[in-house]
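Chain residues, written in single-letter form:
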Amino acid sequence: TAPCKTFAGAISKTAAKGEISVLDPGGYGAVTITKSITISGDGTLAGILSAGTNGIVVNAGVNDVVIIRNLSIHGAETGQNGINFLAGGELHVQNCTISGLAGQGINFAPSGASALFVSRTTIANANAGAIYVIPGPSGSATAAIDGATMQGNARGIRAEGGATVVVRNSVANGN
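By convention here, each chain's residues receive numbers from 1 onward along its written sequence. Local features in this predicted model are restricted to residues of pLDDT 70 or higher, and side-chain atom pairs are both shown and tallied only at a pLDDT of 80 or more, whereas totals for entire chains, interfaces and linings draw on every residue. The basis for every side-chain value is the complete set of non-hydrogen atoms in the structure, without hydrogens or water.

Chemist: Can you help me understand the overall build of the chain in this one?
Modeler: Within the chain, the secondary structure is distributed over one helix and 20 strands. Only C-alpha atoms enter the radius of gyration, while the globule expectation follows 2.2 Å times N to the 0.38, with N the number of residues. Taking 16 Å as the expected radius of gyration for a compact globule of 175 residues, we find that the chain reaches 15 Å, a close match to that expectation. Counting only C-alpha atoms and orienting by the principal axes, one finds that the chain spans roughly 45 × 30 × 30 Å. Categorising residues by exposure relies on relative accessible area from a 1.4 Å probe, with only protein chains included: less than 20% of the type maximum marks a residue as buried, more than 50% marks it as exposed, and the intermediate range marks it as partly exposed. Out of the 175 residues belonging to the chain, those deemed buried represent 47%. Taking the intrachain contacts of the chain between residues at least 6 apart in sequence as the baseline, contacts between residues at least 24 apart amount to 63%. Computed with the Shrake-Rupley method and a 1.4 Å probe, the accessible areas treat only the protein chains shown as cover for residues. A total accessible area of about 7700 Å² is found for the chain, and carbon and sulfur atoms account for 52% of it. A run of H or I in DSSP becomes a helix once it reaches four residues, and a run of E becomes a strand once it reaches two; helices and strands are each numbered from the N terminus. The criterion used for residue contact is that any of the two residues' heavy atoms lie within 4.5 Å.

Pasting the structure below:
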């Protein structure tokens, strides 16, 4: 009933397992996610400008599922990571554009057992790399990348620490 101006403002008013739906085009600011939630820019141009910081930080509970759909995340060449995943059950990144970062497009570094799903997403011009999968000492990570384009990054996909990654129908060039 009362639209919010930022994702940070909207997330505090949205129940766990709820959805933030963007109604109008705009830049909605960086956000930290601590619960199951969907952020959806379906039907409009929804963006996050993350100069000097992470665009989205996910630090959720062990069973929480976070879905990021139809968003543009731009770091203005100084943003740290487009999405920085620290904890949660699953992260789904669908139909997004992530670009212009000093760090990773997606930095997936779970502290527990977590899964990453990336589909129909473009990651470009990330100075550290497009997707980095590196579970913490007590974590484990699986990732499924489908229909992704990774272009002009320091690296396409980098996986370490026993991570399991499956890639299909994707393009990595100029990395």
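Chemist: Would you take a moment to explain the pairing of strand β6 (residues 56-59) for this structure?
Modeler: Consecutive side chains along a regular strand alternate between the two faces of the sheet. Sheet topology places strand β3 (residues 31-33) next to β6; three bridges connect them, and they run parallel. Bridging from a neighbouring strand, T32 pairs with V57 of β6. Pairing between strands requires that DSSP locate at least two bridges from one strand to the other.

Chemist: Explanation requested: the sheet that holds β3 in the structure shown.
Modeler: Sheet strands pair via backbone hydrogen bonds, and the direction of the pair is either parallel or antiparallel. What the six strands build is an open sheet, ordered β3-β6-β9-β12-β15-β18; its pairing is parallel. Strands at the two margins of the open sheet, each flanked by one partner only, are β3 and β18 (157-159). Each adjacent strand pair in this sheet contributes to an overall mean axis angle of 10 degrees, direction not counted. Bridge count for strand β15 (residues 129-133) against β18 is three bridges, and the pairing is parallel. Following the sheet pairing, Y132 is matched in β18 by R158. Axes, fitted as lines to C-alpha atoms, cover a helix only where it is in contact. Angles between the N-to-C directions of the axes lie from 0 to 180 degrees.

Chemist: Please explain the environment of A51 as it appears in this structure.
Modeler: Following the sequence through the fold, A51 ends up in the loop between β5 (46-49) and β6. Judged by its relative accessible area of 46%, A51 is partly exposed. For the pair A51 and G75, spaced 24 residues apart in sequence, the C-alpha to C-alpha distance is 4.9 Å. In contact with A51, other than residues within four places in its own chain, are G75, A76, T78 and G79.

Chemist: Looking at this structure, how should I read the sheet that holds strand β16 (residues 140-146)?
Modeler: An order of β1-β4-β7-β10-β13-β16-β19 is seen for the seven strands of this open sheet, with the pairing classed as parallel. The sheet terminates laterally at β1 (18-21) and β19 (164-168), the two strands that pair on one side only. When the angles between neighbouring strand axes are averaged without regard to direction, this sheet yields 10 degrees. Where strand β13 (residues 113-119) and β16 come together, seven bridges link them in parallel fashion.

Chemist: I'm lost on the nonpolar core in this one. Help?
Modeler: Across soluble globular proteins, nonpolar side chains show a tendency to be buried alongside one another. Only buried residues count toward a nonpolar core. Its members are Ala, Val, Leu, Ile, Met, Phe, Trp, Tyr and Cys residues joined through side-chain atoms within 4.5 Å. Membership of the largest hydrophobic core comes to 40 residues, with the highest contact counts inside it found for I33, I56, L91, L116 and I131. In contact with L91, not counting residues within four places along its chain, are V58, V66, I68, I83, F85, F108, A115, L116 and F117.

Chemist: Just to check I follow, could you spell out the packing of aromatic side chains for this structure?
Modeler: For Phe, Tyr and Trp, where Trp contributes only its six-membered ring, two rings pair if their centres lie within 6.5 Å, and the inter-plane angle classes them as stacked under 30 degrees, edge-to-face over 60, or tilted in between. Scanning all chains against the criterion turns up two aromatic pairs. Their ring planes at 40 degrees and their centres at 5.3 Å tell us that F7 and Y28 sit as a pair that is tilted. Of this pair, F7 sits in helix α1 (residues 7-12) while Y28 sits in the loop between β2 (26-27) and β3, and the two are 21 residues apart along the sequence. When its relative accessible area of 13% is taken as the criterion, Y28 is described as buried. Summarising the aromatic geometry, the rings of F85 and F108 are spaced 4.4 Å apart at their centres and angled 25 degrees between planes, so their arrangement reads as stacked. In this pair, F85 is assigned in strand β9 (residues 83-87) and F108 in strand β12 (residues 104-108), connecting sequence segments 23 residues apart. Just as F85 is buried, F108 falls in that class too.

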